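# Architecture at a glance
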Amino acid sequence: MKKFLLCTTFAFAVLNSFAQNNCSDIFISEYVEGSGNNKAIELYNPTSLPILLDGSYSMGRERNGNALPMLVEISGIIQPYGVRVFALDKRDPNGTGLEAPLAAELLAAADSFLTPVYSQSYSPMYFDGDDAFFLVKNGDQILDIIGKSGEDPGGGWWALGDPSTRWWTANHTIIRKSSVLHGVNVNPEVFDPSLEWDSLPSDTFTELGEHLCNCAPVSVEEQVENTFSIFPNPVLEGAFAVKSSRMMESITLYSADGRLIEQQNLRSVTYSNVFFPKAEAGVYFIEVIYTDGRKAVQKIMAR
Ligand SMILES: [Ca+2]
Ligand SMILES: [Ca+2]
Ligand SMILES: [Ca+2]
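About the thresholds
Residues numbered from 1 in each chain as written. Chains lettered and ligands numbered in written order. Predicted model: local features only at pLDDT ≥ 70, side-chain atom pairs only at ≥ 80, totals over all residues. Domains from an automatic or database assignment. Helix = DSSP H or I, 4+ residues; strand = E, 2+ residues; numbered from the N terminus. Pairing = 2+ DSSP bridges. Axes fitted to C-alpha atoms, helices over the stretch in contact; angles between N-to-C directions. Buried ≥ 20, exposed ≤ 12 C-beta atoms within 10 Å, placed from the backbone. Contact = placed C-beta atoms within 7 Å.

Let us look at the domain arrangement of the protein. Considered domain by domain, the protein is made up of domain 1 (1-215) and domain 2 (219-302). Using C-alpha coordinates to define each centre, domain 1 is positioned 44 Å away from domain 2.

Rendered as structure tokens:
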């Protein structure tokens with residue numbers, strides 16, 4: 001644990017670095033610093049469980065390299081391998097100049113709006129490219145940093161050695177690479193945005209609302225809502241029927257500890273009878289694979 005911010009003032013945080021395991025906590029999956037007030041942060045949950053933000057998570061910028069992060073508490077739930085989009089709160093359709101509303105597409109993509117009123121000493125969401133941005137847990141634990149705390153790069157940070165790509169963090173949308181499995185929790189010696197981010201043009205909002213990450217098991221995308229029903233359930237005398245709204249290719253029965261009990265290959269049917277007369281009483285899992293390759297699983301009881 002290393003403390004690197006020593007100033008304590010009301011509204012400013014003293015932040016600490018902790019080691020982070022892969023796919024263990026929320027990180028920033030997208031950063032939008034566009035024209036006008038078009039500013040947004042997308043957070044990603046790389047775990048298999050929902051995460052409640054309320055009371056534990058906050059985020060915000062430091063101003064022009066002053067190493068004094070201003071944090072705003074955030075709320076909501078992020079589903080497993082899902083995201084939540086937080087935008088600067090400028091929604092007045094009649095607003096002009098510094099109060100101009102966000103682009104309609106960004107308004108539509110945002111789940112939450114933050115910090116409607118600007119003040120220089122407290123303006124967590126008013127990043128404009130040269131402000132390091134922090135995601136923080138429990139008030140002081142750094143989960144992620146964009147940029148380098150204590151540095152004002154002048155305009156924005158850019159890919160090292162390539163001045164023609166200047167200002168990745170200003171007037172761009174940047175997206176975390178799918179190979180990134182946790183946030184940056186130690187202030188970097190040098191911030192090179194090209195190492196963990198892909199860059200898109202200013203006012204790109206089309207990528208908000210989802211994130212591709214290698215933390216997500218492939219099967220998550222294959223899983224579909226439970227689109228089949230079993231009856232009777234509990235199963236009586238080792239016989240039951242499976243009915244589906246989709247064409248089924250196979251039905252597989254597993255024991256509660258994962259042993260394959262019975263498999264039936266089907267021919268694009270929506271209804272099938274299954275028999276397993278030797279079944280002992282207990283819990284089993286039925287996996288249905290559909291003709292489009294997707295699958296669904298349900299639990300059944302045998303008596
Ligand atoms: Ca700034
Ligand atoms: Ca801008
Ligand atoms: Ca995204």
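Next, the rest of the story.
Right, let's talk about unusual backbone geometry for a bit. Despite not being glycine, Asn 171 shows a phi value in the positive range, around 50°. Summarising the element assignment, Asn 171 is placed in the loop between strand 12 (141-146) and strand 13 (172-176). Of note in this structure, Asp 203 is not a glycine but carries a positive phi near 60°. Within the secondary structure, Asp 203 is located in the loop between strand 14 (197-201) and helix 2 (218-222).

Here we come to the sheet that holds strand 9 (residues 83-88). The sheet built from 6 strands is open, its strands ordered 10-9-4-3-13-14 with mixed pairing. Among the strands making up the open sheet, the edge pair consists of strand 10 (112-114) and strand 14. The mean inter-strand angle of the sheet, taken between neighbouring strand axes irrespective of direction, is 20°.

Before going further, it helps to spend a moment on the environment of Ile 28. Assignment of secondary structure puts Ile 28 in strand 3 (residues 27-33). Residue class for Ile 28 comes out buried when judged on the 25 C-beta atoms lying within 10 Å of it. Along the backbone, Ile 28 and Phe 134 are 106 residues apart, and their C-alpha atoms lie at a distance of 9.1 Å. The residues touching Ile 28, leaving out its near neighbours within four places in the chain, are Ile 41, Leu 43, Leu 135, Asp 144, Ile 146, Arg 176 and Gly 183.

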